[in-house]
Amino acid sequence: MGVVNVTPDSFSDGGRWFGADVAIKHGLDLVAQGADLVDVGGESTRPGAQRVSEEEELRRIGPVVTELAGAGVPVSIDTMRAAVAEFALDAGAVLVNDVSGGLADPHMPRLVAVAGVSYVVVHWRGHSRDMYSRAVYADVVSEVRDELTARIDAVVAAGVDPDRIVLDPGLGFGKRPDHNWPLLTHLAGLGRLGGRTFPVLVGASRKRFLGLLLAGPDGTPRSFDGSDAATVAISALAATAGAWCVRVHQVPANADAVRVAAAWRDSSASPA
């Protein structure tokens, strides 16, 4: 899944794709480089970000989703608002990536249910402006599993087909850096909830916990784009562990990593 942030303030690219023309071209480039999905978002969810209005979010993503879907690109809409998701689905988007897991807008699960599309349910404890104050866990893996199970129950009760649900542990969302690593090493268990096995999406690309791991001798974190090689390593490990998809900013090396992981998994399942 390649990322197109149609925002002026995203942590990872600083507004590089803020504008319909550059965002559309970037989406097409991501597909040419090997992306299977293009995730278009018009609202930054970086730590401390303030929400934009629904009208502004629609203004940002409208032409981008319309043009990409019209060109045959499989588009995912990254939004917490049902109205924005509805516009994108009407324009041809095929998946809703809701970082709030349906908590930010109670109308979202029903919209997804009626549309019959796939739905990424992300673990989330609150909006970006104060999400770190909620990052308190005794056992992060168990608590994320329990809270994702509750969200699955809620969205299925609203009519969402469980076969169309994808889970995302929400790396960095209401998580301190040390909370992300146990989640990554327990991906298989995170996907097995309530007697079912769900596809798992991993969004580690350029996140701060990687920059902190790779900090220089003086403690300065690695830059966001300086963490791309570490993202490739996470993609390979996550795919080997059975992740359904990795959400990344740079596609080519991550696509290669996924291919290597697939060959590794296939060979490990074959007779010696």
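Above this note sits the structure.
Residues numbered from 1 in each chain as written. Predicted model: local features only at pLDDT ≥ 70, side-chain atom pairs only at ≥ 80, totals over all residues. Heavy atoms only, no water.

Asks: Which residues make up helix α10 (residues 251-268), and what are the values?
Replies: Counted at 1.5 Å a residue, the expected span for α10 with its 18 residues is 26 Å, and the 26 Å between its end C-alpha atoms agrees. Contacts from the buried residues of α10 go to β1 (2-5), α1 (20-32) and α9 (228-240). (Helix = DSSP H or I, 4+ residues; strand = E, 2+ residues; numbered from the N terminus. Expected span 1.5 Å × (residues − 1). Contact = heavy atoms within 4.5 Å.)

Asks: Talk me through the environment of proline 221; I want residue IDs and the actual numbers.
Replies: Relative to the helices and strands, proline 221 is located in the loop between α8 (208-213) and α9. When the C-alpha atoms of proline 221 and glutamate 57 are compared, they prove to be 31 Å apart, with 164 residues separating the residues in sequence. Once residues within four sequence positions are removed from consideration, proline 221 is found in contact with Arg208, Gly211, Leu212 and Ala215.

Asks: Talk me through the pairing of strand β3 (residues 75-78); I want residue IDs and the actual numbers.
Replies: Of the two faces of β3, both are covered, the one formed by Val75 and Ile77 as well as the one formed by Ser76 and Asp78. Taken together, the four bridges between strand β2 (residues 38-41) and β3 define a ladder with parallel strand orientation. Residue pairing in the sheet places glycine 41 in a bridge with aspartate 78 of β3. Bridge count between β3 and strand β4 (residues 95-98): three bridges; the pairing is parallel. Following the sheet pairing, aspartate 78 is matched in β4 by asparagine 97. At this point the chain moves from β3, through helix α3 (residues 82-91), to the parallel β4, and the crossover so formed is right-handed. (Buried < 20%, exposed > 50% of the residue type's maximum accessible area, 1.4 Å probe, protein only. Pairing = 2+ DSSP bridges. Right-handed = clockwise from strand over helix to strand, strands pointing away.)

Asks: Explain empty space enclosed by the protein residue by residue, including any values.
Replies: Tallied over the entire structure, the rule returns two cavities of 30 Å³ or more. In this model, the largest cavity occupies a volume close to 80 Å³. Lining the largest cavity are Glu43, Ser44, Thr45, Ala49, Gln50, Arg51, Met80, Trp124, Gly126, His127, Ser128 and Phe173. By residue class, the composition of the lining of the largest cavity is four nonpolar, six polar and two charged. (1 Å grid on protein atoms, 1.4 Å probe; cavity = no way out; pocket = protein on both sides within 12 Å on 5 of 7 lines; lining within 4 Å. Points joined across faces, edges and corners; volume = space filled by probe spheres on them. Nonpolar A, V, L, I, M, F, W, Y, C, P; charged D, E, K, R; others polar.)

Asks: Let's hear about helix α6 (residues 177-185): which residues, and what values?
Replies: The set of residues buried in α6 consists of His179, Asn180, Leu183 and Leu184. Looking straight down α6, one finds that the buried residues subtend no more than 135° of arc, so they occupy a single side. Structural note: α6 exposes Asp178 and Thr185 on the side pointing more than 90 degrees away from its buried face. Buried residues belonging to α6 abut α5 (140-157), α7 (187-191), β9 (201-202), α8 and α9. (Arc of directions from axis to C-beta.)

By themselves, these figures tell us nothing about what the structure is for.
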